[in-house]
Amino acid sequence: MHPHGDTNGNRLDPWFDAYAERAHNLRASEIRALFSVVSRPEVVSLAGGMPNLQDLPLERLADSAHNLILHHGTQALQYGSGQGWEPLREQMAEIMTYDHIIGADPDDIVITTGSQQALDLMAELFIDTGDVVLAESPSYVGALGCFRARQADVVHVEMDDDGIIPEALEQTIARLRAQGRTLKFLYTIPNFQNPAGVTLSEERRPIITGICEREHILILEDNPYGLLGFNSDPLPALRSYAPEGVVYLGSVSKMFAPGMRIGWALAPHAIRDKLILASEAAILSPTMFGQMFLSQYLVDYDWYGQVKSFRHMYKERRDAMMDALTEYMPDCHWTRPAGGFYTWVTLPSGLDAKSMLPRAVRAQVAYVPGTAFYYDGQGADHMRLSFCYPTPERIREGVRRLSTVVNAEKELVDMFGILPEENTSSRGAEMR
Ligand code: PMP
């Protein structure tokens, strides 16, 4: 029996004892708790990972939607195949050639409701209670949530500026195997990682796939940011080294628009069969309207030109953030992302990003505390800053505001060695 109260410990629920055991593992993410604060215009949000969509050709897109309904409405508004619409799967095979995945069979692709659904399906198919999922240290909060909901135990593998450290992966596997643990897959975001902003180097890619092949550990390669590199074309996907050992996830959320809610999984054939069955059980079929609209967008528009203009915009924002960090926060360390949306900041020792957050919000700036990206409470001395949404000027102002809070905290730590505790009820009020 569980005590009466939800897992966040703040509300009585008469149905509490009726939930499945796993439902007690669902948690509101730290990012979600921030959403209401972040949407206030006076707050500079360096917290969320929302793409900037202002440059999309909205009027033309509106015409496309109009024409789709007018000419193909009965198909676009109908149920579709559980695996996803074949013409779009063919286009996705084309898109993956940018990641050096050549000749992918559209029949091995399953279209999902964003790559988030693909993460959920993989968790559904592979995780029994107590199974181990290996993940980078730190890792994407939304994937950790999926794995937690299935009662997995996520074990983090150390990274450096070149991504996962192969020796650390080998040692972690050996240690867990010696403990008799069941390892299900390695979850990795090789390009412009969320939250750390680092990219797995080209040299390490075949080494990581080689280790996993040898140890018979499946790789779940999550690549929503891969096309958003600032300096160069994408490195070869892990899938290109080990087609039978990798489930590759793509998404149009960052290269076009997250509101499409369209992603895909390219999987070894047997896993692809199970993914289709699990997806049909969950959603029957992905959105036909969305798939047809997206397919048309890929044909009628210069979608790669759009990607290039996104790169340019995000690079400018990355530069603004790097410059502002250098100017205002010299006591911190941070990663220099070569693409994507995020940098990972290490605070001076003794500072705690989570307890500092209410003070930052009072200074009208928001970020995500590092603890959100670990399974085990690590990360208090880190924060994720995203540079995707605010303009360069706002980024600069946000970092300036943040620096006033960080510097004041550091002064206190330097003086007293310890920070005064925020009282939790006022913290709750800040978060709402
Ligand atoms: N994986 C990673 C690493 C992400 O950052 C995100 C979104 N922030 C997703 C998956 C999910 O994206 P979507 O469902 O929009 O494709």
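See the structure shown above.
Residues numbered from 1 in each chain as written. Predicted model: local features only at pLDDT ≥ 70, side-chain atom pairs only at ≥ 80, totals over all residues. Heavy atoms only, no water.

1. Some points on the side chain of Ser285
Mapped onto the elements, Ser285 comes out in the loop between helix H9 (269-283) and helix H10 (288-300). In terms of polar contacts, Ser285 uses its side chain to reach the backbone amide nitrogen of Gly80, at 3.2 Å. (Helix = DSSP H or I, 4+ residues; strand = E, 2+ residues; numbered from the N terminus. Polar contact = N/O pair within 3.5 Å; in protein donor to acceptor, adjacent residues only side chain to side chain.)

2. A look at the packing of helix H2 (residues 58-76) against H10
Close contact between H2 and H10 brings their axes to 10 Å; oriented N to C, the two are set at 130°. In terms of axis orientation, H2 runs oblique to H10. Between H2 and H10 lies a crossing of right-handed hand. Of H10, the residues touching H2 (which contributes Arg60, Leu61, Ser64, Ala65, Leu68, Ile69, His72, Gln75 and Ala76) are Met288, Phe289, Met292, Phe293, Tyr297 and Asp300. Here the contact of H2 with H10 is built from residues that sort into 10 nonpolar, 3 polar and 2 charged. (Axes fitted to C-alpha atoms, helices over the stretch in contact; angles between N-to-C directions. Parallel < 35°, antiparallel > 145°, perpendicular 65-115°, else oblique. Left-handed = near helix turned anticlockwise from the far one by under 90°. Contact = heavy atoms within 4.5 Å. Nonpolar A, V, L, I, M, F, W, Y, C, P; charged D, E, K, R; others polar.)

3. Quick notes on the site of the ligand
Within the structure, the ligand sits among 13 residues, and Ser115, Asp222, Tyr225, Ser251 and Ser253 are positioned closest to it. Within the side chain of Lys254, an N or O atom sits 3.2 Å from a nitrogen atom of the ligand. Against a free-state accessible area of 400 Å², the protein chains account for coverage of 91% of the ligand. Per-element accounting of the shell around the ligand gives the leading share, 3 residues, to helix H4 (residues 114-126). (Near = heavy atom within 4 Å. Areas by Shrake-Rupley, 256 points an atom, 1.4 Å probe, with all protein chains shown as cover.)

4. Structural notes on the pattern of salt bridges
Taken as a whole, this structure holds 17 salt bridges when the rule is applied. With a shortest N-O distance of 3.0 Å, Asp153 and Arg181 are connected by a salt bridge. Taken together, the positions of Asp153 in strand S4 (residues 153-160) and Arg181 in the loop between helix H6 (166-178) and strand S6 (183-188) put the pair 28 residues apart, joining distant regions of the chain. Among the salt bridges present, the one from Asp273 reaches Arg272, with a minimum N-O distance of 2.3 Å. What makes Asp273 partly exposed here is its relative accessible area of 33%. Through salt bridges with shared partners, a single ionic network connects Asp107, Arg272 and Asp273. (Salt bridge = Lys/Arg side-chain N within 4 Å of Asp/Glu carboxyl O. Buried < 20%, exposed > 50% of the residue type's maximum accessible area, 1.4 Å probe, protein only.)

5. A look at H6
Over its 13 residues, H6 extends 18 Å from the first C-alpha to the last, a length consistent with the 18 Å expected when each residue adds 1.5 Å. Against the buried residues of H6 lie strand S3 (132-137), S4, strand S5 (163-164), S6 and helix H7 (204-215). Of the residues one or two after H6, Gly180 is the one with positive phi, at around 75°. (Expected span 1.5 Å × (residues − 1).)

6. Some thoughts on a negative patch on the surface
A cluster of acidic residues, Asp161, Asp162, Glu202 and Glu203, forms a negative patch at the surface. Residue classification places Asp162 among the partly exposed residues on the basis of a relative accessible area of 37%. (Patch = residues over 30% accessible without salt bridge, like charges linked within 9 Å, V, L, I, M, F, W, Y side chains within 5 Å. Lys, Arg positive; Asp, Glu negative; His and termini not counted. Charge placed at Lys NZ, Arg CZ, Asp CG, Glu CD.)

7. Topic: the nonpolar core
Soluble globular proteins: nonpolar side chains tend toward being buried together. Core analysis: the biggest nonpolar cluster contains 106 residues, and Leu134, Leu169, Phe256, Leu294 and Met383 have the highest contact counts within it. Counting residues per element, this core draws most heavily on helix H11 (residues 303-328), at 11 residues. (Core = buried A, V, L, I, M, F, W, Y, C linked by side-chain atoms within 4.5 Å.)

8. Looking at the environment of Gly49
Along the chain, the position of Gly49 falls in the loop between strand S1 (44-45) and H2. Given the relative accessible area of 23%, Gly49 is considered partly exposed. Remark: the alpha-carbon pair of Gly49 and Phe387, spanning 338 residues in sequence, is separated by 8.3 Å. Not counting residues within four places of it along the chain, the set of residues in contact with Gly49 comprises Lys254, Phe341, Tyr342, Arg384 and Cys388.

9. Thoughts on the pairing of S4
In this sheet, S4 lies alongside S3 in parallel orientation, the contact comprising 6 bridges. Within the sheet, the bridge partner assigned to Leu134 lies in S4 and is Val155. In the classification by handedness, the crossover that spans S3, the intervening helix H5 (residues 141-149) and the parallel S4 is right-handed. Note that S4 and S5 share 2 bridges and pair antiparallel. In the sheet register, Asp160 faces S5, and the bridge partner there is Gly163. (Pairing = 2+ DSSP bridges. Right-handed = clockwise from strand over helix to strand, strands pointing away.)

10. Some words on the pairing of strand S8 (residues 246-251)
Most of S8 is tucked away, with 6 of its 6 residues classed as buried. Residues Val246, Tyr248 and Gly250 line one face of S8 and the alternating positions Val247, Leu249 and Ser251 line the opposite face, and both faces are buried. The sheet contact formed by strand S7 (residues 218-222) and S8 spans 4 bridges and is parallel. In the strand pairing of S8, Asp222 is matched with Leu249. Relative to strand S9 (residues 263-266), S8 runs antiparallel, the two being bridged by 4 bridges. The partner of Gly250 across the bridge, within S9, is Trp264.

11. Some details on the sheet that holds S7
As a general point, the strands of a sheet are linked pairwise by backbone hydrogen bonds and lie either parallel or antiparallel. An order of S2-S9-S8-S7-S6-S3-S4-S5 is seen for the 8 strands of this open sheet, with the pairing classed as mixed. Edge positions in the sheet fall to strand S2 (109-112) and S5, since each of these pairs with one other strand and no more.

12. Some remarks on the packing of H6 against H7
The contact between H6 and H7 brings their axes to 10 Å, and the two run at 15°. The orientation of H6 with respect to H7, classified from their angle, is roughly parallel. Where H6 crosses over H7, the handedness of that crossing is right-handed. Each of Pro166, Leu169, Glu170, Ile173 and Arg177 in H6 lies in contact with H7, whose residues at this interface are Arg204, Ile207, Ile208, Ile211, Cys212, Arg214 and Glu215. Of the residues assigned to the contact of H6 with H7, the class counts are 7 nonpolar, no polar and 5 charged.

13. Focus on the packing of aromatic side chains
Enumeration according to the criterion identifies 17 aromatic pairs in this entry. Residues Phe147 and Phe185 carry aromatic rings whose centres are separated by 5.6 Å and whose planes lie at 70° to one another, so their mutual orientation is edge-to-face. Taken together, the residues span a long stretch of sequence, with Phe147 in helix H5 and Phe185 in strand S6 at a distance of 38 residues. For the pair shown, Phe147 and Phe185 are each scored as buried. Geometrically, the ring pair formed by Trp344 and Tyr374 is tilted, given 6.4 Å between the ring centres and 50° between the ring planes. Of the two residues, Trp344 sits in strand S11 (residues 342-346) while Tyr374 sits in the loop between strand S13 (368-369) and strand S14 (382-386), which places them 30 residues apart along the sequence. With relative accessibility at 6%, the residue Trp344 sits in the buried group. Taken together, the ring pairs in this structure connect Tyr225, Phe310, Tyr314, Phe341 and Tyr342 into an aromatic cluster. Here Arg60 stacks its cationic end above the ring of Tyr301, 4.0 Å away from the centre of that ring. (Phe/Tyr/Trp six-rings, centres within 6.5 Å; stacked < 30°, edge-to-face > 60°. Lys NZ or Arg CZ within 6 Å of the ring centre and 35° of its normal.)

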